[in-house]
Amino acid sequence: MSTILIGTSGYSYTEWVGPVYPQGTKSEEYLALYARLFPTVELNFSYYRMPEATQLAMMHQSAPSLLFSIKAHQSLTHVIEPEKWREQATLFRRSLEPLLAATVLEAVLLQFPASFHYEPERRRYLDSLLRVLSPLPLAVEFRNSNWYNNRTLDSLRERKVAFASLDLPSVSGNPPVMDVLTSPLAYLRLHGRNKETWWGSDAASRYDYLYSDKELAAIVERIRSLAVGADTVLVYFNNHRRAQAVVNARRLRELLAQDKGGACKEIVQASSISM
């Protein structure tokens, strides 16, 4: 039976005070309150600044029940320097030790941009990076559709690295929707389907999207498909604008609870915070 963990990409948004966190909530209180809503969170601050072990240890202490996924620093995925990336990878890996020791690290997400082309130099780099970060639980997200091929999938299977499934608007330049299991871990990221503002706008506009029940019902079917062979399915909503990720994550949980056909279980938090 597969375990499904549902959460959001990030949790520290000031605009969530009121809709999600009670009025007057301080930023240092966000995580503990978030942990009363969802069992897992995808940390994305780590893309912008290298995380530190003491920082992650404090986060675990403030929310002991919470399970973490964490996005790799940009020096490993977007701004790769041949002479420095190994040192950066070592720093990043060391920072995760408190989460590993507490067995609350579910995944490390390597999100590569569309400019990360499917070419020999990049393939060799990815192979080296996966070796350096092994045996961490790894998931790879490709935004360049040329990586969507059998050779990539077979290589990930050999290394037991998850191929991240995506939900994106169907616009030129985006990869196709493809759910393929390459490890015991399945990883699904829901970015919204905002076609009009996906290109040429700021991130706030890009992720300003609320999934409908019909769209979420289709996502339930995708999760059921992934759960057939996975031990764990991680699901994160990245449509964080105006707390829409929280609304959709809660509703998805309800739809999964109503689903009688899936051979899976979903971890649900027993407590909640007043709105």
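Keep in mind that what you see is a predicted model, and the values were worked out from it rather than measured.

### A short note on the overall build of the protein
Turning to step 1, where the next piece is worked out: Of the regular secondary structure elements, the protein holds 10 helices and 10 strands.
Turning to step 2, where the next piece is worked out: When its C-alpha atoms are laid out on the principal axes, the protein stretches across 50 × 40 × 40 Å.
Turning to step 3, where the next piece is worked out: For the protein, the proportion of contacts with a sequence separation of at least 24, taken over those separated by at least 6, is 74%.
Turning to step 4, where the next piece is worked out: Here the protein displays about 12500 Å² of accessible surface, and carbon together with sulfur accounts for 50% of that area.
Turning to step 5, where the next piece is worked out: For the protein, the distance from the average site of its 31 positive side-chain charges to the average site of its 28 negative ones is 2 Å.

### Focus on helix H9 (residues 213-227)
Turning to step 1, where the next piece is worked out: Taking 1.5 Å of rise per residue, the 15 residues of H9 would be expected to cover 21 Å, and the 21 Å separating its terminal C-alpha atoms lies within 8% of that figure.
Turning to step 2, where the next piece is worked out: Where H9 is concerned, the buried positions are Glu215, Leu216, Ile219, Val220, Arg222, Ile223, Leu226 and Ala227. Down the axis of H9, the buried set is contained in an arc of 165°. They therefore lie on one face.

### Examining the side chain of Arg143
Turning to step 1, where the next piece is worked out: Counting through the fold element by element, Arg143 comes out in the loop between strand S5 (138-142) and helix H7 (150-159).
Turning to step 2, where the next piece is worked out: When its relative accessible area of 11% is taken as the criterion, Arg143 is described as buried.
Turning to step 3, where the next piece is worked out: A distance of 3.3 Å separates a polar atom in the side chain of Arg143 from a polar atom in the side chain of His191.
Turning to step 4, where the next piece is worked out: Excluding its chain neighbours within four sequence positions, the residues that come into contact with Arg143 are Gln111, Phe112, Pro113, Ala114, Leu166, Leu168, Gly173, Pro175, Arg189, His191, Trp198 and Tyr207.

### Quick notes on the pattern of salt bridges
Turning to step 1, where the next piece is worked out: Tallied over the entire structure, the rule returns 17 salt bridges.
Turning to step 2, where the next piece is worked out: Among the ionic pairs, Arg159 bridges to Glu158, the shortest N-O distance being 3.8 Å.
Turning to step 3, where the next piece is worked out: For Arg159, a relative accessible area of 31% translates into the label partly exposed.

### A look at the side chain of Arg189
Turning to step 1, where the next piece is worked out: Mapped onto the elements, Arg189 comes out in strand S8 (residues 185-190).
Turning to step 2, where the next piece is worked out: Within polar-contact distance, the side chain of Arg189 engages the side chain of Glu42 at 2.7 Å.
Turning to step 3, where the next piece is worked out: Beyond its immediate sequence surroundings of up to four residues, Arg189 is in contact with Ser9, Glu42, Lys71, Leu109, Gln111, Glu141, Arg143, Ser165, Leu166, Asp167 and Tyr236.

### Brief notes about the packing of H9 against helix H10 (residues 244-258)
Turning to step 1, where the next piece is worked out: Two elements in contact, H9 and H10, have axes whose closest approach is 10 Å; the angle formed by their N-to-C orientations is 60°. For the element pair H9 / H10, the angle class is oblique. Considering only the axes of H9 and H10, their crossing is right-handed. Note on element contacts: H10 touches H9 through Asn248, Arg251, Leu252, Leu255 and Leu256, opposite Asp213, Leu216, Ala217, Ile219, Val220 and Ile223.
Turning to step 2, where the next piece is worked out: Per-class residue counts for the contact of H9 with H10 are eight nonpolar, one polar and two charged.

### Section: the packing of aromatic side chains
Turning to step 1, where the next piece is worked out: Tallied over the entire structure, the rule returns 19 aromatic pairs.
Turning to step 2, where the next piece is worked out: Between the aromatic rings of Tyr148 and Phe163, the centroid separation amounts to 5.0 Å while the plane-to-plane angle is 75°, which identifies the pairing as edge-to-face. Within this pair, whereas Tyr148 is found in the loop between S5 and H7, its partner Phe163 is found in strand S6 (residues 162-163), the two being separated by 15 residues in sequence. Take Tyr148 and Phe163: they sit in the same class, and that class is buried.
Turning to step 3, where the next piece is worked out: Three or more aromatic residues joined by ring pairs make a cluster, and in this case those are Trp85, Phe112, Phe116, Tyr118, Tyr125, Phe142, Trp147, Tyr148 and Phe163.
Turning to step 4, where the next piece is worked out: Sitting above the plane of the Tyr47 ring, Lys71 keeps its charged end 5.9 Å from the centroid.
Turning to step 5, where the next piece is worked out: We note Arg206 situated over the ring of Trp198; from NZ or CZ to the ring centre the distance is 4.4 Å.

### Some words on the nonpolar core
Turning to step 1, where the next piece is worked out: With 91 residues, the main nonpolar core has Val235 and Phe237 as its most contacted residues.
Turning to step 2, where the next piece is worked out: Discounting residues that sit within four places of it in the chain, Phe237 has contacts with Ile6, Gly7, Thr8, Ser9, Leu190, Tyr211, Leu216, Ala245, Asn248, Ala249 and Leu252.

About the cut-offs
Residues numbered from 1 in each chain as written. Predicted model: local features only at pLDDT ≥ 70, side-chain atom pairs only at ≥ 80, totals over all residues. Heavy atoms only, no water. Helix = DSSP H or I, 4+ residues; strand = E, 2+ residues; numbered from the N terminus. Contact = heavy atoms within 4.5 Å. Areas by Shrake-Rupley, 256 points an atom, 1.4 Å probe, with all protein chains shown as cover. Lys, Arg positive; Asp, Glu negative; His and termini not counted. Charge placed at Lys NZ, Arg CZ, Asp CG, Glu CD. Expected span 1.5 Å × (residues − 1). Buried < 20%, exposed > 50% of the residue type's maximum accessible area, 1.4 Å probe, protein only. Arc of directions from axis to C-beta. Polar contact = N/O pair within 3.5 Å; in protein donor to acceptor, adjacent residues only side chain to side chain. Salt bridge = Lys/Arg side-chain N within 4 Å of Asp/Glu carboxyl O. Axes fitted to C-alpha atoms, helices over the stretch in contact; angles between N-to-C directions. Parallel < 35°, antiparallel > 145°, perpendicular 65-115°, else oblique. Left-handed = near helix turned anticlockwise from the far one by under 90°. Nonpolar A, V, L, I, M, F, W, Y, C, P; charged D, E, K, R; others polar. Phe/Tyr/Trp six-rings, centres within 6.5 Å; stacked < 30°, edge-to-face > 60°. Lys NZ or Arg CZ within 6 Å of the ring centre and 35° of its normal. Core = buried A, V, L, I, M, F, W, Y, C linked by side-chain atoms within 4.5 Å.

All quantities given are derived from atomic positions and should not be read as evidence of function.
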